[in-house]
Amino acid sequence: MSSASSQYHLSDELLQPVLAILDAYQDPYLLQGLVTAGCVTKLDIEGKRLQLGLCYPYPCQSLYRDTVMAITNKLAVLDAIDEVECEIDFQPAVISAGAVDPLPNVKQVIAVASGKGGVGKSTTSVNLALALAAEGAKVGILDADIYGPSMPIMLGVPDFNPVSPDGKMMTAATAHGIAAQSIGFMLGGDEAAVWRGPMAAGALAQLLNETLWPELDYLVIDMPPGTGDIQLTLSQKVPVSGAVIVTTPQDIALADAKKGVSMFQKVNIPVLGIVENMSFHLCSECGHKEHLFGEDGGVKMAQRYGVPLLGQLPLKLNIREDVDRGIPTVVADSEGDVANIYKEIARRVGAQLALTQTQSVVSISISDDE
Ligand SMILES: Nc1ncnc2c1ncn2[C@@H]1O[C@H](COP(=O)(O)OP(=O)(O)OP(=O)(O)O)[C@@H](O)[C@H]1O
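Residues numbered from 1 in each chain as written. Predicted model: local features only at pLDDT ≥ 70, side-chain atom pairs only at ≥ 80, totals over all residues.

Side note on the environment of L282
Within the secondary structure, L282 sits in strand β12 (residues 281-282). For the pair L282 and L313, spaced 31 residues apart in the sequence, the C-alpha separation amounts to 10.0 Å. Apart from residues no more than four positions distant in its own chain, L282 is found in contact with G287, K289, P314 and K316. (Helix = DSSP H or I, 4+ residues; strand = E, 2+ residues; numbered from the N terminus. Contact = placed C-beta atoms within 7 Å.)

Observations concerning the sheet that holds strand β1 (residues 8-9)
Across the sheet, which stays open at both edges, the 4 strands sit in the order β1-β2-β3-β4 with mixed pairing between neighbours. Of all strands in the sheet, those with a lone pairing partner are β1 and β4 (83-90), marking the two edges. As defined by bridge partners, strand β2 (residues 40-46) adjoins strand β3 (residues 49-56) across 6 bridges and the pair is classed as antiparallel. Note that in β3 the partner of V40 across the bridge is L54. (Pairing = 2+ DSSP bridges.)

A closer look at the pairing of strand β5 (residues 106-113)
For β5, a buried count of 8 out of 8 residues is recorded, marking the element as mostly surrounded by other parts of the structure. Summarising the sheet, β5 and strand β10 (residues 242-247) pair through 4 bridges and their orientation is parallel. Bridging across to β10, A111 finds its partner in A243. (Buried ≥ 20, exposed ≤ 12 C-beta atoms within 10 Å, placed from the backbone.)

Let's talk about the site of the ligand
Residues in contact with the ligand amount to 20 residues; listed here are only the nearest, G117, G120, S122, T123 and R320. Counting residues per element, the ones that place at least two in the shell around the ligand are α3 (121-134) and α11 (317-324). Of the residues in the shell around the ligand, the class split is 7 nonpolar, 9 polar and 4 charged. (Near = placed C-beta within 6 Å. Nonpolar A, V, L, I, M, F, W, Y, C, P; charged D, E, K, R; others polar.)

Overview of the UniProt feature "binding site: ATP" (unreviewed entry) in the protein
Under the present numbering, the feature "binding site: ATP" (unreviewed entry) in UniProt falls on G115, K116, G117, G118, V119, G120, K121 and S122. Sequence-distant contacts of K116, defined by excluding residues within four places in its chain, comprise P225, G226, A253 and D256. With respect to the secondary-structure elements, S122 resides in helix α3. (UniProt positions renumbered as here; feature names shortened; annotations may be inferred.)

Quick notes on unusual backbone geometry
In the Ramachandran plot, N268 falls in the positive-phi region, its phi being about 60 degrees despite a non-glycine side chain. Locating N268 in the fold gives a position in the loop between α9 (251-266) and β11 (271-276).

Some details on the nonpolar core
Grouped together as the largest cluster of nonpolar side chains are 103 residues, with contacts concentrated most on V112, L128, A129, V220, I221, A243 and V244. Top contributing element to this core by residue count: helix α13 (residues 337-369), with 11 residues. (Core = buried A, V, L, I, M, F, W, Y, C linked by C-beta atoms within 7 Å.)

Following this line, the structure appears as structure tokens:
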């Protein structure tokens, strides 16, 4: 149990059944009871009104209402409680157990990668970033795709000029509530495409380090596609907390995505999971579902590598149209089915990061004590 137990101000007689009820409530993403997961930060009682404080290590704002209702119903069996006042918060861990220095202001860096181009990595990155923000996190995105920077268009800020007020650090754009920096703000696509290996990785790391990022819970990096030198060097130069691999279900893309999984495993960056994009075509008129690129390739790959399948996105016209007009689907249709899939993916990504870091915390505190 966490040190939060010092915030528990209930008599032993009441504390035990309350903790038992709260721990019987399994968090669907952490797959642990709320007490075991360290989410219960406050317990107090005034008359028969229980004051409950919860702090999640991943952003899940859209679930707060249902969670409170479910917990309140369970606690209602106790005679000593007839009302529950619940405060919920979210706080990701700030941990960098890796060799690379953490970025000031940035708690977690998430790399979004794909084995090959054109699988929808940038579309997934931008919608994931916006979904993390919709779930209550402070988010930034770095477009490191030197072969085809797309964030300026996808976020509707094609003319942003990242001025450098002090001649050293650059500003980030703000779009739909997230901070954005892109190699595309600096260079035309063609010019950037001639970059090679370590030089490109060095320039991207510089872009990352020399941007005045606001306080961020998560910085999503849209990596260059592929698994070559640039990607490997970038993964070693940037304090990446975890990686998300985007693939389509067909065999060739999957073979490439496997290389992506292996690359991150080689440099000890946890693979948080796989997003299968363009999983099926959903006809917007008749609702017919068709598996154009094969069925469940991402599912099989996730099983084979023992990493979670974070979600499956349909091939849908409006996903493309929305990024083309600079208003990604998570913003354009924020309560629609597609936005909800991205939000589900965002919660899973945040929870996976938290679980990965719980393990790091354990190993760090052991070596500190020694
Ligand atoms: N689920 C989807 N449904 C419909 N269109 C999609 C979907 N995902 C991506 N697209 C479209 O597919 C094209 C390629 O997507 P995107 O640019 O995100 O891929 P990428 O993997 O980042 O490509 P690159 O490696 O070339 O940068 C874009 O036109 C995008 O709008």
